[in-house]
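Spelled out, the chains give:
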Amino acid sequence: MTLTLLAAGGATIPDIIVFAVSAAVIIMGAFGVVTSRNPVHAALSLVMTLFGVAVLFIEQDANFLAAVQVIVYAGAIVVLFLFVIMFLGVDRRENIEAEPLVGQRPLALIFVGVAVASLVALLVSSHWVTGAHGVVGPINGSVNPGSPGAPSGEVAQLGKQLFTTYLFAFEATAALLVIAVVGAVVLARRERRDLEKPSVESPDDEPSSDSSEKEVLR
Amino acid sequence: MRSLLDPTAHLRTLGALASSGDPLFVHGLNWQVWLIVAIKVLVAFSALLVSVMLMIWFERKVISDMQSRIGPNRAGPWGLLQTMADGIKLFFKEDLLPERADSFVFKLAPYLSLIPALLIFTVVPVGGVITVGSHTFELQVADPPIGILFVLAMSSIAVYGVMLAGWSSGSKYPLLGSVRASAQMISYEAALGMTVVTVVLISGSLSTRAIVDSQAAAFWDWNLIRLGFLPFIFFMIAITAELTRPPFDLTEAESELVGGFHTEYSSIRFALFFLAEFMNTITMSAVVVTLFFGGPDGPIPRFIPTAEIWMPVVWFLLKVLVFLFIYVWFRAALPRFRYDQLMDLGWKRLIPMTLGWLMIVAAIVVWHWWGLLVAVGVVAAAVLLNRAFAVGATREEEHAILPPVGQRVWALSASDSGSDVDAERGDEGGPR
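Residues numbered from 1 in each chain as written. Chains lettered and ligands numbered in written order. Predicted model: local features only at pLDDT ≥ 70, side-chain atom pairs only at ≥ 80, totals over all residues. Heavy atoms only, no water.

Enquirer: Looking at this structure, how should I read the overall build of chain B?
Expert: Across its full length, chain B carries 16 helices and two strands. Burial status across chain B gives 49% buried among its 432 residues. A sequence separation of at least 24 residues applies to 76% of the contacts in chain B between residues at least 6 apart. Entry remark: accessible area of chain B is about 20200 Å², with carbon and sulfur atoms responsible for 71%. (Helix = DSSP H or I, 4+ residues; strand = E, 2+ residues; numbered from the N terminus. Buried < 20%, exposed > 50% of the residue type's maximum accessible area, 1.4 Å probe, protein only. Contact = heavy atoms within 4.5 Å. Areas by Shrake-Rupley, 256 points an atom, 1.4 Å probe, with all protein chains shown as cover.)

In structure tokens:
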């Protein structure tokens, strides 16, 4: 988005500085996620990346998206990651030199190349991947300024689009998430009968299944 | 609507509902604007630090009174400088780094606690709109269009401070304390967000300034009354849990966890956590006042010159003081919750109730008969949900270490028969 601005020559110097700094933060965070040996450090690097993206959103006047980015991704999802890392006790340093699957590195390189190439091709051939130029309209406009119940412009526009044009996708996503949660609960939850028999129950079993179940419920 | 200072405030208020923002920046940036912003930041920062100092003293004094003690009375008049003395002591203590700690995260965590606490205060309107020279500005550090969402975002970042402090200490009790704390904070954030949405629905804006302006007509226009008291009570419960203040202070339950997530911290890093905790108490009281009590709104004695400038600030401070007292009162009066009670309250009671109230308010905003209809629906859903909880509770009884809420008084006497129930139900298996 900022790139198009730069190309059009509409960017001011603060725009460029903000973009450069947050882009650097994003890239540093992304490298941190991949190269950190410690999973907790990797998760923290992810938070850094998400913050950089939030700053970019603010720079594009998408304030609501920035807030949601921080609340949902940094505030909930990465916290969930950290929970899992801490509960399962996988917060140890890993040897990232080891290659569990033979030939995964060259393959990964090829796939990244293909993905980047197709993204670039999409960006060149159309404005947006979805084909729509923009859904929110004028950001500072308001539906009914001053009347109670009328949220300020951006939120109103987003809400309206979400519950009219994109209603099906919205509901499908909601259903998908519910299915995922129910599935995780079903998978994580054991039959209590099995656990009661002392022969089946192993000392390590119960806490881990319990904690993962709670994880899902949270 | 009452104009706080200038006669055009009425128009400006209406404008603020549509697209908010500090009028300071209307004419672009120059050095005077920069200066005003810098002064605002400095004043807010130092006022917050001083008020934290006073708050710690206030809490110790009030709780001493409630417990028939004297409390700090040596350093300074009425012990006012006790906090300063403690701070200096902490500053000069040895700074320990546990051997098994993750040193980078260990050092980072206190700041992740403190900085959100500071930043939340920036969006709180502490007064009206004043004019100095040719510049008109709001008495609040920043007025971003996302206002109240910024508060939620920062309070969700504060979780990291607690969580990482416990984890990076490399020891058992801090980890348990931090897992408790972060689970608690995340659980109550949902209820918190839902109550905030009800406020946003009726105010029509996310900006804290617009929320305050929309309550400015008279006290019966405060969201406390407009939204029907319940959201305020939900918010108060959720925010107390979010702050991990008593009675929700399981994170620092000394009898169970030594000191909670900051067990391994000492010296200035511990002081930072301490500071963050009290600062959060103050800023969240300010947020409650902003959302439900009209912020700086209150009668202004117009016969006193310049009262229009400082009176809103006084009202704001008085309202915040009431809530600070209430927090101390909570601490003196209420016993600590147990962890499962806390989670039950959060997930099974508070979230459904806030969601139900949100739906009723939303329906009323559309059409009041819809409100009635939805209210009936919510009551029916509540009855169903209660039934579901009851069924779940009897099923849980077989294995739960602790019996569920509502059955705990006679739990100990009934524990003998629990094994019989097990035997009976063992073959059944039951649908899972």
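Enquirer: Help me out: how do you make sense of a nonpolar patch on the surface in this one?
Expert: Residue and element names in this part refer to chain B. On the surface, Phe-303, Ile-304, Ile-309, Trp-310, Val-314, Leu-318 and Leu-321 cluster together into a nonpolar patch covering about 640 Å² of accessible area. Along the polypeptide, Leu-318 turns up in helix α12 (residues 307-333). A residue is classified by how much of its surface remains accessible, and Leu-318, at 44% relative accessible area, is partly exposed. (Patch = residues over 30% accessible without salt bridge, like charges linked within 9 Å, V, L, I, M, F, W, Y side chains within 5 Å. Salt bridge = Lys/Arg side-chain N within 4 Å of Asp/Glu carboxyl O.)

Enquirer: How should the domain arrangement of chain A be read in this particular structure?
Expert: One frequent convention defines the size of an interface as the accessible area lost when the parts assemble. All names here are of chain A. Domain boundaries assigned for chain A yield domain 1 (7-94) and domain 2 (152-193 + 209-218). Taken together, the contact between domain 1 and domain 2 spans nine residues of the former and six residues of the latter. Counting the surface lost from both domain 1 and domain 2, the interface buries some 620 Å², and carbon and sulfur atoms represent 66% of this. For the pair domain 1 and domain 2, the interface holds zero salt bridges. Put simply, domain 1 and domain 2 have zero residue pairs in polar contact (both at pLDDT 80 or more) between them. Across the side of domain 1 that touches domain 2, the residue classes break down as seven nonpolar, one polar and one charged. (Domains from an automatic or database assignment. Buried area = accessible area lost by both parts, 1.4 Å probe. Polar contact = N/O pair within 3.5 Å; in protein donor to acceptor, adjacent residues only side chain to side chain. Nonpolar A, V, L, I, M, F, W, Y, C, P; charged D, E, K, R; others polar.)

Enquirer: Would you explain the packing of aromatic side chains in this entry?
Expert: What characterises a pair of aromatic rings is the spacing of the ring centres plus the angle enclosed by the ring planes. All names here are of chain B. Per the stated rule, a full pass over the model turns up 17 aromatic pairs over all chains. Taking 5.9 Å as the distance between ring centres and 75° as the angle between the ring planes, the aromatic pair formed by Phe-232 and Phe-323 counts as edge-to-face. Note that Phe-232 is positioned in helix α9 (residues 230-242) and Phe-323 in helix α12, a separation of 91 residues in sequence. Here Phe-232 matches Phe-323 in class, with each residue buried. Chaining the aromatic ring pairs together yields one cluster made of Trp-222, Phe-232, Phe-235, Phe-292, Phe-293 and Phe-323. In this arrangement the basic side chain of Lys-172 is found over the ring face of Tyr-173, its NZ or CZ atom lying 5.7 Å from the centre. (Phe/Tyr/Trp six-rings, centres within 6.5 Å; stacked < 30°, edge-to-face > 60°. Lys NZ or Arg CZ within 6 Å of the ring centre and 35° of its normal.)

Enquirer: When you look at the side chain of Thr-290 of chain B in this model, what are you seeing that I'm missing?
Expert: Residue and element names in this part refer to chain B. Assignment of secondary structure puts Thr-290 in helix α11 (residues 267-292). With relative accessibility at 2%, the residue Thr-290 sits in the buried group. Within the structure, the side chain of Thr-290 is placed 2.8 Å from the backbone oxygen of Ala-286, a separation counted as a polar contact. Beyond its immediate sequence surroundings of up to four residues, Thr-290 is in contact with Val-124, Pro-125, Thr-208, Ile-211, Val-212, Gln-215, Gly-295 and Phe-316.

Enquirer: Explain the pattern of salt bridges to me, please; I cannot follow it from the model alone.
Expert: Opposite charge on two side chains allows them to pair when their charged atoms are near. All names here are of chain B. Using the criterion set out here, one finds eight salt bridges over all chains in the structure. In this structure, Arg-60 engages Asp-86 in a salt bridge whose closest nitrogen and oxygen atoms are separated by 3.0 Å. Of the two residues, Arg-60 is situated in helix α2 (residues 31-66) and Asp-86 in helix α3 (residues 82-91); the sequence distance between them amounts to 26 residues. We classify Arg-60 as partly exposed; its relative accessible area is 33%. According to the relative accessible area criterion, Asp-86 is partly exposed, its value standing at 26%. Across the pair Arg-338 and Asp-340 runs a salt bridge whose closest N-O atoms are separated by 3.0 Å.

Enquirer: I would appreciate a short explanation of the environment of Ala-85 of chain B in the present structure.
Expert: All names here are of chain B. Among the structural elements, Ala-85 can be located in helix α3. For Ala-85, a relative accessible area of 34% gives the class partly exposed. Ala-85 sits 247 residues away from Ala-332 along the chain, and the two C-alpha atoms are 24 Å apart.

Enquirer: Hey, could you run me through the nonpolar core in this one?
Expert: Generally speaking, nonpolar side chains in soluble globular proteins are found buried as a group. Counting 76 residues, the largest nonpolar core has Ile-148, Phe-235, Val-287, Leu-291, Phe-292 and Phe-293 of chain B as its most contacted members. It is α11 of chain B that provides the largest number of residues to this core, a total of 12 residues. Counting 38 residues, the second largest nonpolar core, distinct from the first, contains Val-40 and Phe-83 of chain A together with Val-159 and Trp-167 of chain B. (Core = buried A, V, L, I, M, F, W, Y, C linked by side-chain atoms within 4.5 Å.)

Enquirer: Sorry if this is basic, but what is going on with the side chain of Ser-45 of chain A here?
Expert: Take Ser-45 of chain A: it is sitting in helix α3 (residues 39-59). Ignoring anything within four residues of it in the chain, the contact list for Ser-45 of chain A reads Gly-29, Gly-32, Val-33 and Ser-36 of chain A.

Enquirer: What's the story with the pairing of strand β2 (residues 135-138) of chain B in this structure? I'm lost.
Expert: Each regular strand shows side chains that alternate between the opposite faces of the sheet. Residue and element names in this part refer to chain B. Sheet analysis places strand β1 (residues 129-132) next to β2, joined by four bridges and oriented antiparallel. Bridging across to β2, Val-132 finds its partner in His-135. Between β1 and β2, which pair antiparallel one after the other, the connecting turn spans two residues, and Gly-133 there sits at a positive phi close to 65°. (Pairing = 2+ DSSP bridges.)

Enquirer: Looking at this structure, I do not really get the packing of helix α5 (residues 147-168) of chain B against helix α6 (residues 172-203) of chain B. What am I missing?
Expert: A pair of packed helices is characterised by two quantities: the angle between their axes and the separation of those axes. Residues and elements named next belong to chain B. One way to put it is that α5 packs onto α6 with a least axis distance of 8 Å and a crossing angle of 175°. It follows from the interaxial angle that α5 and α6 lie roughly antiparallel. On the side of α5, the interface is formed by Ile-148, Leu-152, Ser-155, Ser-156, Val-159, Val-162, Met-163, Gly-166 and Trp-167, while α6 contributes Pro-174, Leu-175, Ser-178, Ala-181, Ser-182, Met-185, Glu-189, Leu-192, Gly-193, Val-196 and Val-200. Of the residues assigned to the contact of α5 with α6, the class counts are 13 nonpolar, six polar and one charged. (Axes fitted to C-alpha atoms, helices over the stretch in contact; angles between N-to-C directions. Parallel < 35°, antiparallel > 145°, perpendicular 65-115°, else oblique.)

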